[in-house]
Amino acid sequence: MIKEAMDSLNLFSGGTWIDCTVGDGGHSKQILQNTAPDGFLIGFDRDGNALDIAEQRLKDYRGRFKLIQDSYANINRQVSELSTGKIDGILFDLGFSSRQIEGLGYGFSFMNAEKLDMRFDQSKGVSALDIVNEYAVDELTRVIKDYGEERAAKRIAQGIIDARPLYTTKDLADVVKKCVYSKGLSRHPATKTFQALRIEVNDELGNLEDGLQKSVFLMRPRARISLITYHSLEDKIVKSFFKNRAEFCHCPKELPICVCEDNTDLKIVNKKVIKPSKEEIMMNRRSRSAKMRIAEKKNPNHEGGYSER
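Criteria and cut-off values
Residues numbered from 1 in each chain as written. Predicted model: local features only at pLDDT ≥ 70, side-chain atom pairs only at ≥ 80, totals over all residues. Heavy atoms only, no water. Pairing = 2+ DSSP bridges. Helix = DSSP H or I, 4+ residues; strand = E, 2+ residues; numbered from the N terminus. Axes fitted to C-alpha atoms, helices over the stretch in contact; angles between N-to-C directions. Contact = heavy atoms within 4.5 Å. Polar contact = N/O pair within 3.5 Å; in protein donor to acceptor, adjacent residues only side chain to side chain.

Draft legend 1. Highlighting the sheet that holds strand 6 (residues 266–268). Strand order in the open sheet formed by seven strands is 3-2-1-4-5-7-6, and the pairing between neighbours is mixed. One side of each edge strand has no neighbouring strand; the edge strands of this open sheet are strand 3 (65–69) and strand 6. Within the sheet, the average angular offset between the axes of one strand and its neighbour, ignoring direction, is 15°. Across six bridges, strand 5 (residues 219–229) lies against strand 7 (residues 291–297) in antiparallel orientation. Counterpart to Leu227 in the pairing with strand 7 is Arg293. Against the sheet, helix 4 (residues 75–82) makes contact with strand 1 (16–19), strand 2 (40–45), strand 3 and strand 4 (87–93), and its axis sits at roughly 145° relative to strand 2, the strand it touches most. Each of strand 4, strand 5, strand 6 and strand 7 is contacted by helix 11 (residues 204–218), which is oriented at about 155° to strand 5, the strand it contacts most.

Below, the structure written as structure tokens:
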């Protein structure tokens, strides 16, 4: 959804922009192209390998970007240290690349027998290996049920406990396969369990909530924040956050400005979620679950209030 993402940000020449999920640099490159000649990009990613690839991809724009290996949950501290002032637009693409899924070393895929890891930043934090072999059955059930939305969570958790120790992605996938009734499933029976563990390992939902809160504070009036989600847990957080920050004021329409002391600071740009085109889905089946939501920072008209209606 590159075109939709660029359109959502209202890009213009100059300004300061943030790509919270740089990945291999595809969106970042488009932002830099569309904000030439002097737009500046700040990019975040926890995957150091991804940032190395992005650095090379963006080499023609050196001097106009800064890539940071950190979670976007720390966006406020990192941006403050750069002293860039307020931000003109922020993009979150919450998917991860084919390189990460298919490449060896991350432990995201159940198609290869590799070490259970699942950390985007493999230099810190607990891994899937730790969780699978150390969590109690109730903890494992919670993770698989809440983050994988897996009906067989308790059965899978007990199966993992009984099969310990588990060392590889194949070990885990084989255990899950025995615990899930797979007849009629259109995807691998371990898909939901692997998603749940990845979310737990990287605290993806907690970081998303933190990142959203801190991002809005950094935005200048009329700046856009655009998010692309890929499963219902992410989308629910984004939808709820936008709604809570963008409740409409209750002033009569005849009034030129808001006087009801409405303290909301966002307005929702697309009330109907944006999805990829049929053509994009045909070219990239992984995009079929993508949903884009966009909001814009309101213009303050007085302390505690906002003039956009």
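Draft legend 2. A look at the side chain of Asn270. For Asn270, the location among the structural elements is in the loop between strand 6 and helix 13 (278–283). Within polar-contact distance, the side chain of Asn270 engages the backbone oxygen of Met292 at 3.0 Å. Here the side chain of Asn270 touches Ile294 through a polar contact of 2.7 Å, landing on its backbone nitrogen. Leave out the neighbours within four places in its chain, and Asn270 touches Met292, Arg293 and Ile294.

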